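# Coordinate analysis (summary)
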Amino acid sequence: MKKKVKLKDGREVLIREMRQDDTDRSLAFFLALPREDVTYLRRDVTRREVVEQRIRAMASDRIVRLVAVAGDEIVADGALELEAQGWSEHLAEIRLVVARPYQRKGLGTLMARELYLLAASKKVEEIIVKIMGPQEGVQNIFKRLGFHPEAVLHHYVKDISGTKQDLVVMRCNLEELWQKLDDHAIDSDWQRTR
Ligand SMILES: CC(C)(COP(=O)(O)OP(=O)(O)OC[C@H]1O[C@@H](n2cnc3c(N)ncnc32)[C@H](O)[C@@H]1OP(=O)(O)O)[C@@H](O)C(=O)NCCC(=O)NCCS
């Protein structure tokens, strides 16, 4: 998929699937993130080998990665990770990071929307997002995107500096989300395209 979208400040970016030749662009994106945004990410994506491994993993049909591109620069990175077959095959996990200069311009919402549509096309019913405890602001953003906190695993994961942190699991039921489509986070274009 490829979609040109307009941000709240009028800038246009292209949302597309990540490609095998995106390693340098992806590494540059993660290296430019401020420390507070990198600290709580699941993996140390400021290391080239981790970025290469993420891109290689796309060969599996269980992971879809989207990027938003401005010019030749990646400005947002999103992933939909489908659970393995079996009792959790209707489930997926979402991850999303937007470059600081592009935050608060609606790009996170637009990327989330594309990931939800992808999830729906793959018959996913529930999506979770995992957020570290100190990221209260991010939890509020995901509430606006249709998620609610479901569980807290205390001192469960380690941040990039090795400090143990709570892990907050937030959950979004796609069927319930479709029913709340007039909610502020979801625009009418989504209703037409889903
Ligand atoms: C979470 C994240 C992806 C949101 O991206 P974004 O492009 O800024 O999101 P949007 O502009 O679509 O904002 C959606 C709504 O969330 C809220 N919001 C966004 N940033 C906010 C902030 N810093 N403080 C308070 N509310 C905020 C707003 O209500 C906003 O809607 P509004 O601007 O119409 O009021 C971005 O903040 C980010 O990359 N954070 C660091 C990475 C991370 O922790 N990801 C989560 C783990 S997977």
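Residues numbered from 1 in each chain as written. Predicted model: local features only at pLDDT ≥ 70, side-chain atom pairs only at ≥ 80, totals over all residues. Heavy atoms only, no water.

## Some details on the pattern of salt bridges
- By the definition in use, this model includes 20 salt bridges.
- The shortest N-O distance in the salt bridge between R25 and D21 comes to 3.4 Å.
- Here R25 falls in the buried class, since its relative accessible area comes to 18%.
- On the basis of relative accessibility, which here comes to 48%, the residue D21 falls in the partly exposed class. (Salt bridge = Lys/Arg side-chain N within 4 Å of Asp/Glu carboxyl O. Buried < 20%, exposed > 50% of the residue type's maximum accessible area, 1.4 Å probe, protein only.)

## Points about the site of the ligand
- Residues in close proximity to the ligand total 18 residues, the closest being K8, V98, G108, T109 and Q135.
- Take Q103: an N or O atom from its side chain is 3.5 Å from an oxygen atom of the ligand.
- Across the complex, the protein chains shield 80% of the 930 Å² of accessible surface that the ligand would expose by itself.
- At the level of elements, β5 (91–98), α4 (107–121) and α5 (136–144) are the ones that each hand at least two residues to the shell around the ligand. (Near = heavy atom within 4 Å. Polar contact = N/O pair within 3.5 Å; in protein donor to acceptor, adjacent residues only side chain to side chain. Areas by Shrake-Rupley, 256 points an atom, 1.4 Å probe, with all protein chains shown as cover. Helix = DSSP H or I, 4+ residues; strand = E, 2+ residues; numbered from the N terminus.)

## A short note on the environment of V98
- Note on placement: V98 falls in strand β5.
- Placed 31 residues apart in sequence, V98 and V67 show a C-alpha to C-alpha distance of 9.5 Å.

## Things to note about the sheet that holds strand β3 (residues 63–70)
- What the eight strands build is an open sheet, ordered β1-β2-β3-β4-β5-β6-β8-β7; its pairing is mixed. In this open sheet, the two strands that pair with only one neighbour each are β1 (2–6) and β7 (148–158). Put simply, the sheet's adjacent strands are angled 25 degrees from each other on average, direction ignored.
- Pairing of β7 with strand β8 (residues 164–173), which is carried by seven bridges, proceeds in the antiparallel orientation. Residue pairing for β8: H148 is matched across the bridge by R171. (Pairing = 2+ DSSP bridges. Axes fitted to C-alpha atoms, helices over the stretch in contact; angles between N-to-C directions.)

## Examining the nonpolar core
- Among the nonpolar cores identified, the biggest contains 55 residues, and V13, Y102, L107, Y116, F142 and F147 are the most heavily contacted of them.
- If you tally residues by element for this core, the top one is α4, at eight residues.
- With near-sequence residues (within four places) excluded, V13 lies in contact with K3, K4, V5, L7, A68, V69, A70, V75, Y102 and L107. (Core = buried A, V, L, I, M, F, W, Y, C linked by side-chain atoms within 4.5 Å. Contact = heavy atoms within 4.5 Å.)

## Remarks on the pairing of β5
- Among the eight residues in β5, seven count as buried, and that is most of the element.
- Inspection of the sheet shows strand β4 (residues 73–82) paired to β5 by seven bridges, in the antiparallel sense. In the strand pairing of β5, L80 is matched with I94.
- By the bridge criterion, three bridges tie β5 to strand β6 (residues 126–132) in an arrangement that is parallel. Opposite E93, over in β6, you have I128 as the bridge partner.
- Each parallel crossover has a hand, and for β5 linked through α4 to β6 it is right-handed. (Right-handed = clockwise from strand over helix to strand, strands pointing away.)

## A look at the packing of helix α1 (residues 23–31) against helix α3 (residues 48–56)
- Interaxial distance between α1 and α3 falls to 10 Å at its minimum, and their mutual angle equals 125 degrees. Between α1 and α3, the crossing angle belongs to the class labelled oblique. With respect to the hand of their crossing, α1 and α3 are arranged in right-handed fashion. Contacts between α1 and α3 involve T23, D24, S26, L27 and F30 on the former and, on the latter, R48, V51, E52, R54 and I55.
- Taken together, the residues that form the contact of α1 with α3 break down as four nonpolar, two polar and four charged. (Parallel < 35°, antiparallel > 145°, perpendicular 65-115°, else oblique. Left-handed = near helix turned anticlockwise from the far one by under 90°. Nonpolar A, V, L, I, M, F, W, Y, C, P; charged D, E, K, R; others polar.)

Interpretation note: all reported values are geometric properties and have no functional meaning in isolation.
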